[in-house]
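Listed below are the residues making up each chain.
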Protein chains: 4
Amino acid sequence: MGRTHSNAYKRIGDFFPELNHKIVLKAVCSRSANKVQAFAEQWGYESFETDWKALVAREDIDAVDICTPNDSHAEIAIAAAAAGKMILCEKPLSRTLEEGKQMVEAIEKAGVANTVWYNYRRIPAVTLAKQIIDGGKLGKIFHYRANFLQDWTISADLPQGGEGLWRLDVDAAGSGVTGDLLAHCIDTALWLNGSIKDVSAMTETFVKERVHQLTGQVQKVGIDDACIFHCHFENGSLGLFESTRYARGHKALYTLEINGEHASLRWDLHDLNRLEFFDHSDESIVRGWRSIHVTDGDQPYMDKWWVPGLSIGYEHSFVHQAADFVKSIENGQPCSPTFRDSLETQRVCEAVIASGKTRSWQQLSAY
Amino acid sequence: MGRTHSNAYKRIGDFFPELNHKIVLKAVCSRSANKVQAFAEQWGYESFETDWKALVAREDIDAVDICTPNDSHAEIAIAAAAAGKMILCEKPLSRTLEEGKQMVEAIEKAGVANTVWYNYRRIPAVTLAKQIIDGGKLGKIFHYRANFLQDWTISADLPQGGEGLWRLDVDAAGSGVTGDLLAHCIDTALWLNGSIKDVSAMTETFVKERVHQLTGQVQKVGIDDACIFHCHFENGSLGLFESTRYARGHKALYTLEINGEHASLRWDLHDLNRLEFFDHSDESIVRGWRSIHVTDGDQPYMDKWWVPGLSIGYEHSFVHQAADFVKSIENGQPCSPTFRDSLETQRVCEAVIASGKTRSWQQLSAY
Amino acid sequence: MGRTHSNAYKRIGDFFPELNHKIVLKAVCSRSANKVQAFAEQWGYESFETDWKALVAREDIDAVDICTPNDSHAEIAIAAAAAGKMILCEKPLSRTLEEGKQMVEAIEKAGVANTVWYNYRRIPAVTLAKQIIDGGKLGKIFHYRANFLQDWTISADLPQGGEGLWRLDVDAAGSGVTGDLLAHCIDTALWLNGSIKDVSAMTETFVKERVHQLTGQVQKVGIDDACIFHCHFENGSLGLFESTRYARGHKALYTLEINGEHASLRWDLHDLNRLEFFDHSDESIVRGWRSIHVTDGDQPYMDKWWVPGLSIGYEHSFVHQAADFVKSIENGQPCSPTFRDSLETQRVCEAVIASGKTRSWQQLSAY
Amino acid sequence: MGRTHSNAYKRIGDFFPELNHKIVLKAVCSRSANKVQAFAEQWGYESFETDWKALVAREDIDAVDICTPNDSHAEIAIAAAAAGKMILCEKPLSRTLEEGKQMVEAIEKAGVANTVWYNYRRIPAVTLAKQIIDGGKLGKIFHYRANFLQDWTISADLPQGGEGLWRLDVDAAGSGVTGDLLAHCIDTALWLNGSIKDVSAMTETFVKERVHQLTGQVQKVGIDDACIFHCHFENGSLGLFESTRYARGHKALYTLEINGEHASLRWDLHDLNRLEFFDHSDESIVRGWRSIHVTDGDQPYMDKWWVPGLSIGYEHSFVHQAADFVKSIENGQPCSPTFRDSLETQRVCEAVIASGKTRSWQQLSAY
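Residues numbered from 1 in each chain as written. Chains lettered and ligands numbered in written order. Predicted model: local features only at pLDDT ≥ 70, side-chain atom pairs only at ≥ 80, totals over all residues. Heavy atoms only, no water.

### Brief notes about the sheet that holds strand 5 (residues 114-116) of chain B
Residue and element names in this part refer to chain B.
- Overall, parallel pairing links the 3 strands, which are arranged 3-4-5 in an open sheet. For this open sheet the edge positions go to strand 3 (63-66) and strand 5, each flanked by a neighbour on one side alone. The mean inter-strand angle of the sheet, taken between neighbouring strand axes irrespective of direction, is 10 degrees.
- As judged from the 4 bridges shared by strand 3 and strand 4 (residues 86-89), these two strands associate in the parallel manner. Paired with V64 across the bridge in strand 4 is I87.
- Docked against the sheet, helix 4 (residues 73-82) engages strand 3 and strand 4, running at close to 175 degrees with respect to strand 3.
- Against the sheet, helix 9 (residues 316-331) makes contact with strand 4 and strand 5, and its axis sits at roughly 160 degrees relative to strand 5, the strand it touches most. (Pairing = 2+ DSSP bridges. Helix = DSSP H or I, 4+ residues; strand = E, 2+ residues; numbered from the N terminus. Axes fitted to C-alpha atoms, helices over the stretch in contact; angles between N-to-C directions. Contact = heavy atoms within 4.5 Å.)

### Some details on empty space enclosed by the protein
- Summed over all chains, the structure comprises 3 cavities of 30 Å³ or more.
- Of the pockets and cavities examined, the largest cavity occupies roughly 80 Å³.
- Contributing to the lining of the largest cavity are A:H270, A:D271, A:L272, A:N273, A:S311, D:H270, D:D271, D:L272, D:N273, D:R274, D:H293 and D:S311.
- The residue inventory of the lining of the largest cavity, partitioned by class, reads 2 nonpolar, 7 polar and 3 charged.
- The computed volume of the second largest cavity comes to approximately 60 Å³. (1 Å grid on protein atoms, 1.4 Å probe; cavity = no way out; pocket = protein on both sides within 12 Å on 5 of 7 lines; lining within 4 Å. Points joined across faces, edges and corners; volume = space filled by probe spheres on them. Nonpolar A, V, L, I, M, F, W, Y, C, P; charged D, E, K, R; others polar.)

### Points about the relation of the copies chain D and chain A
- Rotating chain D by 180 degrees about the axis while translating it 0.0 Å along that axis superimposes it on chain A, leaving an RMSD of 0.0 Å. Here the copies are linked by what is in effect a two-fold axis. Across chain D, the smallest distance between a C-alpha and the rotation axis is recorded for D:G313, namely 2.2 Å.
- Here 100% of the interface residues in chain D have copies in chain A that are interface residues too; the copies meet face to matching face. (Least-squares fit on C-alpha atoms with pLDDT ≥ 70 in both.)

### Remarks on the relation of the copies chain B and chain A
- For the pair chain B and chain A, the superposition axis carries a translation of 0.0 Å, the fit reaches an RMSD of 0.0 Å, and the rotation angle comes to 180 degrees.
- Interface overlap between copies is the fraction of interface residues in one copy that are interface residues in the other; for chain B against chain A it reaches 100%, indicating a shared surface.

### A word on the pattern of salt bridges
All names here are of chain B.
- Summed over all chains, the structure comprises 124 salt bridges over all chains.
- For R167, the salt bridge identified is with D180, shortest N-O distance 3.3 Å. Here D180 lies in helix 8 (residues 177-193) and R167 lies in the loop between strand 6 (141-149) and helix 7 (170-173), a separation of 13 residues in the sequence.
- Exposure remark for D180: the relative accessible area of 12% places this residue in the buried category. (Salt bridge = Lys/Arg side-chain N within 4 Å of Asp/Glu carboxyl O. Buried < 20%, exposed > 50% of the residue type's maximum accessible area, 1.4 Å probe, protein only.)

### A closer look at the side chain of B:Q362
Residues and elements named next belong to chain B.
- Among the secondary structure elements, Q362 is positioned in strand 16 (residues 362-363).
- Look at Q362 and you get buried, because its relative accessible area is 14%.
- Here the side chain of Q362 touches T358 through a polar contact of 3.2 Å, side chain to side chain.
- In contact with Q362, not counting residues within four places along its chain, are K197, D198, V199, A351, A354, S355 and Y367. (Polar contact = N/O pair within 3.5 Å; in protein donor to acceptor, adjacent residues only side chain to side chain.)

### As for the interface of chain B and chain A
- Facing the 42 residues of chain B at the interface are 42 residues of chain A.
- At the boundary of chain B with chain A, total buried surface from both sides reaches about 3,600 Å², with 60% on carbon and sulfur atoms.
- Of all residues in chain B, B:M202, B:R248 and B:R359 give up the largest surface area on contact with chain A, accounting jointly for 21% of the area buried on that side.
- Across the contact surface, chain B and chain A share 4 salt bridges. (Buried area = accessible area lost by both parts, 1.4 Å probe.)

### Brief notes about the pairing of strand 4 (residues 86-89) of chain A
Residue and element names in this part refer to chain A.
- Taking the sense of rotation as the criterion, the β-α-β connection linking strand 3 (residues 63-66), helix 4 (residues 73-82) and strand 4 turns out right-handed.
- Judged from the 3 bridges that link them, strand 4 and strand 5 (residues 114-116) form a sheet pairing that is parallel. Across the sheet, I87 pairs through a bridge with N114, a residue of strand 5.
- With respect to chirality, the unit in which strand 4 leads through helix 5 (residues 97-110) into the neighbouring parallel strand 5 is right-handed. (Right-handed = clockwise from strand over helix to strand, strands pointing away.)

### As for the sheet that holds strand 4 (residues 86-89) of chain D
All names here are of chain D.
- With parallel pairing, 3 strands are arranged side by side in an open sheet as 3-4-5. With partners counted over all chains shown, the strands left at the sheet margins are strand 3 (63-66) and strand 5 (114-116), one partner each. Strand-to-strand twist in this sheet, taken as the mean axis angle between neighbours without regard to direction, amounts to 10 degrees.
- Packing against the sheet, helix 10 (residues 339-358) makes contact with strand 4 and strand 5, and its axis sits at approximately 30 degrees to strand 5.

### Quick look at the environment of C:T68
Residue and element names in this part refer to chain C.
- Mapped onto the elements of the fold, T68 is located in the loop between strand 3 (63-66) and helix 4 (73-82).
- For the pair T68 and Q363, spaced 295 residues apart in sequence, the C-alpha separation works out to 31 Å.
- A polar contact is formed between the side chain of T68 and the side chain of S72, at a distance of 2.8 Å.

### Things to note about the interface of chain D and chain A
- The interface of chain D with chain A comprises 35 residues on the first partner and 35 residues on the second.
- Summing both sides of the interface, chain D and chain A together bury roughly 2,900 Å²; the carbon and sulfur share of this comes to 47%.
- Of all residues in chain D, D:D14, D:K251 and D:W306 give up the largest surface area on contact with chain A, accounting jointly for 22% of the area buried on that side.
- In this assembly, chain D and chain A are joined by 8 salt bridges.
- Here D:K251 ties to A:D296 by a salt bridge, and the two come within 3.1 Å at their closest N and O atoms.
- Where chain D touches chain A, the interface holds 24 residue pairs in polar contact (both at pLDDT 80 or more).
- If you list the elements that add at least two residues to the side of chain D that touches chain A, you get helix 1 (2-15) and helix 2 (33-43) of chain D.
- Looking at the side of chain D that touches chain A, the element that brings in the most residues is helix 1 of chain D, giving 8 residues.
- Considering only residue class, the side of chain D that touches chain A consists of 13 nonpolar, 12 polar and 10 charged.

### Brief notes about the pairing of strand 10 (residues 226-233) of chain D
Residues and elements named next belong to chain D.
- Burial of strand 10 is extensive: 8 of the 8 residues sit out of reach of the surface.
- A two-sided burial pattern is seen for strand 10, the buried positions comprising A226, I228, H230 and H232 on one face and C227, F229, C231 and F233 on the other.
- Note: strand 7 (residues 196-204) against strand 10, 8 bridges, orientation antiparallel. Along strand 10, the bridge assignment pairs E204 with A226.
- Here 7 bridges tie strand 10 to strand 11 (residues 238-244), and the two strands are oriented antiparallel to one another. Within strand 11, the position partnered with I228 by the bridge is E242.
- Between strand 10 and the antiparallel strand that follows it, strand 11, lie 4 residues; G236 among them carries a positive phi value of about 95 degrees.

### What about the packing of aromatic side chains?
- Evaluated as defined, the whole model comprises 96 aromatic pairs over all chains.
- Between D:W117 and D:F318, the ring centres sit 5.7 Å apart and the planes meet at 35 degrees, which makes this aromatic pair tilted. Pair noted here: D:W117 is in the loop between strand 5 and helix 6 (124-134) and D:F318 is in helix 9 (residues 316-331), with a separation of 201 residues, a long-range link. Assigned by exposure class, D:W117 and D:F318 land together as buried.
- Looking at D:R359, its charged tip hangs above the ring of C:W361, at a distance of 4.1 Å from the centre. (Phe/Tyr/Trp six-rings, centres within 6.5 Å; stacked < 30°, edge-to-face > 60°. Lys NZ or Arg CZ within 6 Å of the ring centre and 35° of its normal.)

### A few points about the environment of C:A156
Residues and elements named next belong to chain C.
- Summarising the element assignment, A156 is placed in the loop between strand 6 (141-149) and helix 7 (170-173).
- On the basis of relative accessible area, A156 is assigned to the partly exposed category, the value being 47%.
- Sequence separation between A156 and E209 is 53 residues; the distance between their C-alpha atoms is 8.2 Å.

Have a look at this one:
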C-alpha cells in the first residue's frame, strides 16, 4: 500500500491544482534499512527511518500515514496523535473494537485531522451512487447486498505470516476476510445505507493449518477464510454480505447492489468505471438497467482526468482521497471516513466475528 | 402453469420422436366450467372436469398433473396415488414438511411413477453444469450461492389472495418467496451440490397488510416477502441463498454460482442459454470466465432443437421434463426430482422458515 | 426449416386463441418417400407427397409453404400462384433478382396472399426496435450497421452440395452468405431504416475448392464465404454490413445497431430477448445504454407467453409470423414482408454481388 | 495531451525503477505565456517557452515531445531532428503522406531516436493480444475489424477551429475521423495483422457548415465526420474499419476483433482491462469466449501496478510507452511505432481519403 499512497501524494499537485497546499514527501519508514532506502530513492522521499518512533518524533513531519500491518495501527496512531500529527490510516482501523476505541479517543483528544483509507468511496461510480441515493431517487430501501470474492489462498501450500502474507496470520491481521475485505463492504454500506442494527454470521476456515513463514512451523490458522452475514439496517432494509478468498475465478470481485422502491444501483470493482442504474420511472417498454460509463466531466472527480469514455484505474481512488484530505484541512472539515466513522465499521466486524463464533444473532447496540 | 404443462405434452411428440408413447390430453380440470371449457378447446383436451375427484376417478386417465395452488397438492396427490395414477406435481411439493411426508408415503405405497416440476434442472445450461460437476472438473467445493430476485409485489396496493394472487396468501401458498422461489434454488442446489446440514435464516414481510381479493378485507400478510439464509452443505461448502419480490429491476433473476478448487460455474435465468465457466487449469495469461452459449447439438437436449447459436426459451425446460418422464416410464427408472427428492427441498424450506422465526440455526437432522 | 414452420403452425392455435382460423396440416412433401413419411407421422401431417407438383395440384390445399433449397423457390411459387394457393416462402425469395421479379409478377397476377419468412422481424426485441424508431425517438439517423457472423465452414474438409450442405453450392443457393445471412440483415434494415441508394462491396471465397457431396468430385466453390458492404440509405444515413462463415467463435451472431441524433438501439441474436437502448434525453449523470429484457406483457407478442423475465426462443419468431399471416388473411391486409417487399432485399443482394465482382459502387436504381 | 504525456514522464521513475535514466522536465512550450507558465508550475517543468524554435535551439534539451495540432508536426519534427533531438510525436504523424515522408527522411537522416504516440498498443490487453497472435494461437487469419465510435459533434451548433476544436478544422487537422480515430485503429491493425494491400472507403460530412471559432464566420466543414472502409490485408484476411463522431451513445468506443482459423480475440476501450479470447481447441461442450481481466503480474506491464483484479486506466498506456522509449534508448533499439512505422498508417489514411473522394478502390502500392 506504500506505493499506492505515495503515488496519491505525488499526483494531487498535478491533477488538483486548486489545492493551496503541496504535499512534501519528507520521510518514509520501514524496519528494513535496505528496502526503505531503495523505496525512498525510487519514490523521491527526502529521507527515511527504520524506527517509526523516530519518525513520529520528527518536528518536520506534519502528517503520518500508517500503512503497516494491522497489529501496529493502534500503537502508531496513538503515538502520532500524542505528537500532534495529522493521521491517515490504512483500513481496517484496528484489529479489534477495543483497539479502535482507544485510537478514536486518542485522536479526538489530540484534535488532529484524520482519515481512514476506505478508498472505494472515492471510485467515481461509487461516489455517483452516493449522490443518486442522497438525491432520493431510490425511495424506501429494501435490500443492500455486497460481496468481495477472491481466490488467492486456495492452495494449502501457501504459508501464513511474514512478508506479503501477514494477512493470513491472525495475530498480525486480527481477522481474515472480515477485516480485510468485508470491512470495505461494510464501510461503503454504512455510508450509502446507514447504520446496521444486528447481524447473523457464518465464518469458516477451510485450510486449518499452514506453515508459518517466520517460524517455519506448521501452525493452526486463526483467520476466517470466508465470512457470510445477513443483517437489518436501521432504515428497515435487509443486508447480505459475503467475502471469501476461495471463490475460484474471482480476483477482487467487490460488488454492491442496493434496491429501492423506485430505483436500484449496482457496481463491480472489476469494471470500476461503470455504474448500473435501474429507474422504474422510465417508460415501461424501454425500461432496463442502464450501464453508465462514469467518465464524463459532470460526474464525480472526472473533471480532473480525461475525456469521456477514457477509463481511470484503482489507484485514482487514493488520489481522490488524498486530495479530499488536503481540501478538508483547508476547509476545516473532517475527511470522511474519519477514525470515528471507521469505528462503526469496526463495531460491525466485531459483531460479525462474534456471531460467527457463537452462531447467534448479535445486536450492534451490545458493542 | 397449465399452459406451460399442456405445451410440454403437445411438443414432445414432435421433438422427441424416439419416445414410444404418445401423450393424449384426455381431460383438463378446473373449478370454473366456463374457463376450463375454453381452455380445453384452445389446447385440444378431449374433455374437461370441474371436480378433480371426478377426474381422478376416471378410468381413462393414466397420469394426473397437479397445477393447483399449493393448498390442494397433498389432497389431490394422495387421492390420485390411491387411484393408481402416475403423478406429476407442480412445485413446491407441499405447503409444509408434514404434508409432504404424507404425500411421499402415499405415492410410495401406491408405487406410482411420479415427478415434481422443478423445471430449471432441465434448462440445458443447468443440465450441463450438472455434467461438468459430476465429471469432477470443479474439485473440492467451497461455495454455492443462489438467488431469485423479483420486484412485482412492491406496491402496497396489490391485493393478496384469489385468482393470480394466491401466492401472496399464506393459507394457499404455505409460505412466500421461500416455497415459491427459494424452493427452486434449493432443489437445484441439492442436485448439484448435495445435502444441506444446517441453516440460519432471516425472513421479512415488508408490506404488513393487504386487501384480500376474495374477502375484500384488509388482512395481515402472512407470507415472507424476502428470505435470506446461509448454510453448510454436507460436502463442507458454504451456501448462501436469497430471495425477494422487492428487488427493483429484477423480473425473475434466478442466478446460481458454485466455486470449486479447480473451477467455477455461474448461470442466470435471464440469459438462460448461457453458462459461465472458469477453469483454473487454463494457461494463466489467457484464463477467464468463458461465456458458453449452450445451443450446440452435443450439449444437453440441444440435439432436439435448432442449429448452434439459436436460443430456446423458458418453456423448453418443461418439454424436457415431460419427455424425460415418458422416458423414465419406458426405462422403469424414476424421473428426478421425485416426490421423495422434493421432500428434501421441503425439509430445507421448513428449517429455513423455522430459523427465520426463531432467529437461530436449525439442524436439518431435526426435520 | 420444415420443423420450424411445422412447429409454428401447431402452436398458433394454443397461443393465439383470438385467431378465427385453424391451421390444418394437410400434407408435407419431399423427394424421399421414407423421410417424408416419417416426418409426416412425427409432426402429424395428414398425408404426404413426393412430387411438389402433385401437392400444388391438390384441391384440399389452401396454402403452400416453400422450404426447399433456393433453386426451386421460383418454379414452385409460380406454379402455386397459378393454382391460386396462398404462398409462404423461405428466404431468400430467390437466387437472382430476375427470378424474384418473375415470382412477384406471378403472385401479384394471381392475387394470392403471400409472405416471406424473414422471421427476425418478429423477435419481440426487434419488433420493439421498430416501434421505438417509428415513434420518432431516434430523430435523424446517422448510422445503421449489422453483421451476421458464423464459423461453421472454416474446415476445408467440409464438402459442398447435397443434403444439409446445399448452402455451399452456388447452383442451389444462388450465392453464399449474401443470400443466406446478409439477406436477413438487409430485410431488417430496409424495414427499420428505409431504402438503400447505392452499395460498395467486397466478397471473398476463402476455400476455393471443395468435394461436392453429390458428385464426389473436387469442384470450384462458387459461393461467397464472406461479404462486406457499405452503403447510403435514402434517409442520408450510412450503412455497414458484414457477413461471414469464417468468424471463429460466433455461431449465429446477428447484431444490428442504429444511431440517431437523439437515441440509439442495438440487438444481438445470441441474446435475443434483450434490446439495448440509449436515450440522450436521460439526465446526463445517469445516462447509459439500457439493457431491456423484452419479456413483459406490454412488449410486442409477449402477452402470449410467460411472465416477465422468462425468455422465449428462436422458433417463436416463426410462430409470430404464422399467427400474423393468419391475422392478415382475416383482416385482408398483406403480411409483411410480402414477395414484393422481399424483392427489394433481392435487389440489394444483386447489387452487392455485382459490386463485389466489379469492385465498384452500384446504384440501386440500376437494378 | 500535454497532461497525459507529462504524467507519463513523471510516473516512470516511480513505477519502472529498472530504468537507468531519469526524465527531467526541462521546459514546456506553448504560444500563450500565461497558460504555459501556469502549466509549467502545476506540472513541475523547470522553465517554459512560448516559441518552439527557442525550445528546439536549447542545448539542455535532449528530447522534444510534439503535442501540437497536426499542422505543426512536420515543421517542428524536422527542425528538432536537424537539432539532433530525440523526438516523440503525437499521432497522427502528419496531415498528409507527403508531410510524413519529409518527416521520416529528416529523422532518419539525423539518426535520432523517435516514436509516435499510438498509445493503444500498450494497453496491457492489447499487448497481450499481440503476444497471443505472435504465439501462433490464431492460425490463418480470416477477418480483422475495428471501429472507433464517438458522439460529441452531433450538435450543429458546435463551432469548428481554435482552442479545443482544431480537430474539426481541416486545415489544422488534415482530416476528420480518419486521422484522429481511424489512425489508431490502423496502427493497431498493421501491428497485429500486417500490411494492407488495398482499400475501398466511404466518407461523409453530416454537418456541412459550422461557425469557425477563430473567424466567427460560418464556413464549410472540410473534415470527414464519418469514414468506413474495407480492405485486404497481405495475409489474405479481410479488414473492416469504421469511425464516426455521430454514433449516439458511444463516448470513445474503440473495439477491435480478429478471427483466425483456431481462435479469435476481441477488445473494447470502454473496458480496457479486459481481453476476450475464444479458443476452438477447448473441449466443445465448455467452449466459449473467455473474458480475461488483464491485471495479473504475468500479463504485459501488470507487474508494475497492483494486485490481480485491480484495474488501470487510459493514461497508463502513455506511461508504458514513455518507459519503453527510455528502455529503447538504453538498449539501442527502436521504440515502436517509429516515424517510419507510422508512415505506413499515414499511407493507409491517404488511400482511404482518396478512395472516399473517388469512390474507387485504391492500391496501397500507389501511395
